[in-house]
Amino acid sequence: MAMNEIHLRIENVHKTFGKTKALDSVSLDIARGSFTTFLGPSGCGKTTLLRMIAGFYEVEHGNLYMGDRLINDVPSHLRNAVMVFQDYALFPHMTIRENITYGLRIQKMTREDIEKRLQKTIGYLGIEALLDRTPGQISGGQQQRVALARALVMEPEILLLDEPLSNLDAKLRINIRAELRQLQRRLKITTIYVTHDQAEALSLSDRIAVMNEGKIVQYGSPFEIYYRPRNTFVASFVGIVNLMKGKVASSSSRTILVSVGGEPVLVVPADKEAERTYKPGDDITLCVRPETIRLESALRGQGNGENVFRGRVVNSIFEGSSVRYWIESLGMEFIVDIFDPGNEELNNKDVSFRINPERIHILPT
Amino acid sequence: MKRIAKEPFLAVVMLFIISCLFLFVIYPIVRVFLYPSGKELITVLSHPRYIKAIFNSLFMVVLSTSSSAFVGFVFAYTIARTDVPLRKYFKLISLLPLFSPPFMVAFSYIMMFGKNGIITAKLLGLSVNIFGWHGLWLAQTIAFFPIAALMMEGVLQSIPPSLEYAGRNLGATGFTLFKTITFPLARPGVAGAALLVSIQVLADFGNPIMISGDFSVVATEAWMRIEGWADVSGAAILSLVLLVPSFSIFLFQRLWVGKKSYVTITGKSTQIDIRRIGSFMRWFLFAFCSVFSLLILLVYLALFMGAFVNGWGFDWTPTLRYVREIFSRSTEVTNSLVFSLLAGGGSALFSMVAAYLVSRKKFFLRRFVDFTCILPTALPGIFLGIGYSIAFTRPPVDLHGTAAIIILSLMFWNIAMGYQTGIGAFQQISPSFHEAASNLGASSMRIFKEIEIPLIKGPFFSAFIVSFIRAITTLSVIVFLATSKNVVATFSIMNLVSDGFYGKAAALTCSLLIIAFLVLGIAKLALGKRFELFKV
């Protein structure tokens, strides 16, 4: 994958609907052949941005480039950015075949060429048997594939997907998710995906742009988004997180000691410059993922410099592959996921747990 | 049945509703069917005069429905899907005729374009004969395209915007998009709207009685039968001739077109971002809508002028005498107002209770109630009027010349609108409110009073207003029932126009318009957004 070449450049784009600011100076570079996800809560502007790329909304301010070409005023169908809609938007008055070939027929392509393209596309998606039915006669999962076929048959430069899986049931969603990623890797189409589902974003994307209130809050790989969120919004929107508020007690060349609820917590930051950034007395927020915390086999004290703390289990739920505990400690409530737990009932018992100092992320202030 | 026995009040209400429907909807219909003998039927139907009327009616249905549907669709498309300037005003103007007496258009065009018309004779110096099929065509087009536009706008708006976006995204622009996506999707709804308009054209009595001259249609011939020859059988037969196609179209529309409409498959939708259309198309639509909006405004202009002019066509001196006459001897206006208020209120109340029972209760004859409440939509006003005249103006029930017969006929003629609005409203109110209340121990009556009534206040008042306006503006229903004792304004207007007293007729029409728009304005102020005008 030529991940370096910029395929789509979004430059300082704004959009307002009436008085609401839907997009507020958004800038983003999207690499050719990459799978990029716009992730955020509803109303964050992700769909607006996607629709603007598709050419449904005019760019009020700022620029959109495809390669070197400025596309602000290029109409939707000349951008070769084809969209799969959340509600699929299959034309109910046409058969599946007519739906898929619609765009090609508009282009007045010859019958043979249309057939060739059609066969190639439906081969990817396994919908050969559906061609003569109408959208009302096929299931949700099949409609989804047909919508994807209708976009892919256009051989788009950029494929735009607007929450395409949100109308499917959970199991189907996971299957199609995997298929979609495989297909995208095979066809190497630059793909932009919009979702509010963080699990979907993490599992599908090369890059994720987390959005909130019309702005891009963070743009990075799924790993970065998950383990190195830039602020509390990203940290708590993507996955479950324990946020610990504390004061820097001391900092040395490789470690920082933070006082949380009166106890010292050792942090080994990934950022080597951390020592210079954080000075004793600074207020900081630490971010720990539930699955990076371990329960100790024996009850131990705390304050031993090994990041082992004591607390009381106040609640727990069994989730199959793991058990989630709520543990009161350091003046807050930790969420801890334990995989492969023992049989022991821990509710209302005191436990010791260890936080790996290298897995603690310091939120930039 | 056991549950009903436990709630005697509910049982009484059901019994009341069912009996009323039998007595005031079914019974008059049956009486019309049974009144003429077979011999009379053959005589009338083979008479060349009536064969001609039937042919004329069909001709007008095809002509006026096509033109109304076409103009209506252009309006609807302009309003819903383009950025044509002033489109909001086009919509506003096109709504006006919905709250005006249907015959008003014909009356006004006589004053405007007739032999003594202010435009044709006075301004242009032409001698035009507007009486005939062409005048009728114009009047019906203007009178009925607004309802077509309203329905079709609803149809266009129910097309999920993502379908048009998808079409654009795949390369369809301008007319191609319209031809391949927008129009095919709207077609079933447009056809449905056209069919509903055709029922109205067929049943139209007010416009032809005023403007069609020697060109007779079935509705006017039925009136002549009674007025001229006191031949009730003949009138009954002719009104049956109207009922049969009207009822068939109604059934066809409900059973076939209703099912054919495309429903959104899934998902939420966003408002479509209206695109600039080509400038040729834009100005064409603008000019088109302007012309028809002007034709509507002229209707009102002529009426208001007519009310203040001494002798239309020959003596243009301004006068207030017609207005004064209305205030001094205003039996008709008072009657119209009182009868319509009662009929509108009764109709709204009756239809809401019926809608409640049908949507919330299981009972014997439930489907009968459902069907009979919608049935009046399919009944031409003329037919219902003759039905009431046969059923209730002679023993055992003689209501001849009473207020009651007018009020009852108007009330039951209008239950369909309110009933459908009510059914829609009850469908939106989740039955779980009902279940929750009943789970907490509330009786049916209590649930209705404390849960449902507060939620259907809006639909109730909408039904009341629509019924009231239809009642005060109708002519066809009451034309066989009005006498000098229970005369209403529309009846007087018809007589005044046919005798050539345009000034007083115009003043009376204006007073009706003022009442209708006042009531509408009050309702709009009082109810705001909850006020839904027409459930289509």
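Quick caveat, the model's predicted, so the values are computed rather than measured. (Residues numbered from 1 in each chain as written. Chains lettered and ligands numbered in written order. Predicted model: local features only at pLDDT ≥ 70, side-chain atom pairs only at ≥ 80, totals over all residues. Heavy atoms only, no water.)

S.K.: How should the packing of aromatic side chains be read in this particular structure?
M.R.: All told, the structure shown has 43 aromatic pairs over all chains when counted by the stated rule. Centre to centre, the rings of B:Phe145 and B:Phe292 are 5.9 Å apart; their planes meet at 75°, and the pair counts as edge-to-face. Highlighted residues: B:Phe145 in helix α8 (residues 133–157) and B:Phe292 in helix α14 (residues 279–307), separated in sequence by 147 residues. No difference in accessibility class separates B:Phe145 from B:Phe292, as the two residues are buried. An aromatic cluster is built from B:Phe70, B:Phe75, B:Phe90, B:Phe145, B:Trp283, B:Phe284, B:Phe286, B:Phe288 and B:Phe292, whose rings are joined through pairwise contacts. Positioned over the ring face of A:Phe91 is A:Arg150, at 4.6 Å from the centre of the ring. Here B:Arg282 stacks its cationic end above the ring of B:Trp283, 5.7 Å away from the centre of that ring. (Phe/Tyr/Trp six-rings, centres within 6.5 Å; stacked < 30°, edge-to-face > 60°. Helix = DSSP H or I, 4+ residues; strand = E, 2+ residues; numbered from the N terminus. Buried < 20%, exposed > 50% of the residue type's maximum accessible area, 1.4 Å probe, protein only. Lys NZ or Arg CZ within 6 Å of the ring centre and 35° of its normal.)

S.K.: Please explain a nonpolar patch on the surface as it appears in this structure.
M.R.: Residues and elements named next belong to chain B. A grouping of Leu251, Phe252, Leu255, Trp256 and Phe371 is seen on the molecular surface, where their side chains present a nonpolar patch of about 480 Å² in accessible area. If one sorts the elements of the nonpolar patch by residue count, helix α13 (residues 232–260) sits on top with 4 residues. Along the chain, Trp256 falls in helix α13. On the basis of relative accessible area, Trp256 is assigned to the partly exposed category, the value being 45%. (Patch = residues over 30% accessible without salt bridge, like charges linked within 9 Å, V, L, I, M, F, W, Y side chains within 5 Å. Areas by Shrake-Rupley, 256 points an atom, 1.4 Å probe, with all protein chains shown as cover. Salt bridge = Lys/Arg side-chain N within 4 Å of Asp/Glu carboxyl O.)

S.K.: I tried to follow the pairing of strand β9 (residues 207–212) of chain A on my own but got confused; where do I start?
M.R.: Walk down a regular strand and you will see the side chains alternate between the two sheet faces. All names here are of chain A. Note: strand β3 (residues 35–39) against β9, 4 bridges, orientation parallel. Of the residues in β9, the one forming a bridge with Thr36 is Arg207. As paired elements, β9 and strand β10 (residues 215–220) share 5 bridges and run antiparallel to each other. Looking at β10, one finds that Ala209 is bridged to Tyr219. (Pairing = 2+ DSSP bridges.)

S.K.: Mind showing me how you'd approach the side chain of B:Thr82 here?
M.R.: As for its placement among the helices and strands, B:Thr82 is situated in the loop between α4 (48–81) and α5 (87–95). A polar contact of 3.4 Å, which involves the side chain of B:Thr82, links it to the backbone nitrogen of B:Val84. (Polar contact = N/O pair within 3.5 Å; in protein donor to acceptor, adjacent residues only side chain to side chain.)

S.K.: How should the domain arrangement of chain B be read in this particular structure?
M.R.: Interface size, as often reported, equals the accessible area lost upon joining of the parts. All names here are of chain B. As assigned here, chain B comprises domain 1 (1–34 + 307–536) and domain 2 (37–302). Centre-to-centre separation of domain 1 and domain 2, based on C-alpha positions: 23 Å. Contact with domain 1, which involves 41 residues of that partner, is made by 39 residues of domain 2. Both faces considered, domain 1 and domain 2 share a buried interface measuring about 3700 Å² in area, 85% of it formed by carbon and sulfur atoms. Taken together, the links from domain 1 to domain 2 amount to 0 salt bridges. Taken together, domain 1 and domain 2 are joined by 1 residue pair in polar contact (both at pLDDT 80 or more). Looking at the side of domain 1 that touches domain 2, the elements with two or more residues in it are α2 (8–34), α17 (366–374), α18 (381–392), α22 (444–473), α23 (489–498) and α24 (502–527). Residue contributions to the side of domain 1 that touches domain 2 peak at 9 residues, all from α24. In terms of residue class, the side of domain 1 that touches domain 2 is made up of 33 nonpolar, 8 polar and no charged. (Domains from an automatic or database assignment. Contact = heavy atoms within 4.5 Å. Buried area = accessible area lost by both parts, 1.4 Å probe. Nonpolar A, V, L, I, M, F, W, Y, C, P; charged D, E, K, R; others polar.)

S.K.: Where do I start with the pairing of strand β18 (residues 332–339) of chain A in this structure?
M.R.: All names here are of chain A. Buried residues dominate β18, accounting for 6 of its 8 residues. In this sheet, β18 lies alongside strand β17 (residues 322–329) in antiparallel orientation, the contact comprising 8 bridges. Residue pairing for β18: Ile327 is matched across the bridge by Phe334. What sits between the antiparallel neighbours β17 and β18 is a turn of 2 residues, in which Leu330 has the positive phi angle 50°.

S.K.: Whenever I open this one, the packing of α8(B) against α14(B) confuses me. Can you help?
M.R.: For any two helices packed against each other, one specifies the inter-axial angle together with the distance between the axes. Residue and element names in this part refer to chain B. Where α8 contacts α14, the two axes come as close as 11 Å, and the packing angle between them is 110°. Taken as axis vectors, α8 and α14 run roughly perpendicular relative to one another. In this structure, α8 uses Thr141, Ile142 and Phe145 to contact α14, whose residues at the interface are Phe292, Leu295 and Ile296. Residues that form the contact of α8 with α14 fall into these classes: 5 nonpolar, 1 polar and no charged. (Axes fitted to C-alpha atoms, helices over the stretch in contact; angles between N-to-C directions. Parallel < 35°, antiparallel > 145°, perpendicular 65-115°, else oblique.)

S.K.: Teacher, can you tell me more about helix α20 (residues 415–428) of chain B here?
M.R.: Note: α-helices contain 3.6 residues per turn, so residues at a spacing of three or four share the same orientation. All names here are of chain B. The terminal C-alpha atoms of α20 lie 20 Å apart, and with 14 residues this matches the ideal 20 Å at 1.5 Å per residue to within 8%. Among the 14 residues in α20, 10 count as buried, and that is most of the element. Within α20 the residues assigned to the buried category are Ile415, Ala416, Gly418, Tyr419, Thr421, Gly422, Ile423, Gly424, Ala425 and Phe426. For α20, the secondary structure elements touched by its buried residues are α2, α16 (331–360), α17, α19 (403–413) and α22. (Expected span 1.5 Å × (residues − 1).)

S.K.: Where do I start with the pattern of salt bridges in this structure?
M.R.: Residue and element names in this part refer to chain A. Applying the stated criterion across every chain yields a total of 21 salt bridges over all chains. The residue Lys15 makes a salt bridge to Glu60 at a minimum N-O spacing of 3.8 Å. Of this pair, Lys15 sits in strand β1 (residues 6–17) while Glu60 sits in the loop between α1 (46–54) and β4 (61–66), placing them 45 residues apart in sequence. Overall, Lys15 belongs to the buried group, its relative accessible area being 8%.

S.K.: Teacher, can you tell me more about the sheet that holds strand β12 (residues 256–260) of chain A here?
M.R.: Residues and elements named next belong to chain A. The strand order across the open sheet built from 5 strands is β13-β12-β11-β14-β20, with neighbouring strands paired in antiparallel fashion. The open sheet has two edge strands with one neighbour each: β13 (263–267) and β20 (361–363). If you compare each strand with its neighbour and ignore which way they point, the axes differ by 45° on average. Bridge count for strand β14 (residues 283–288) against β20 is 3 bridges, and the pairing is antiparallel.

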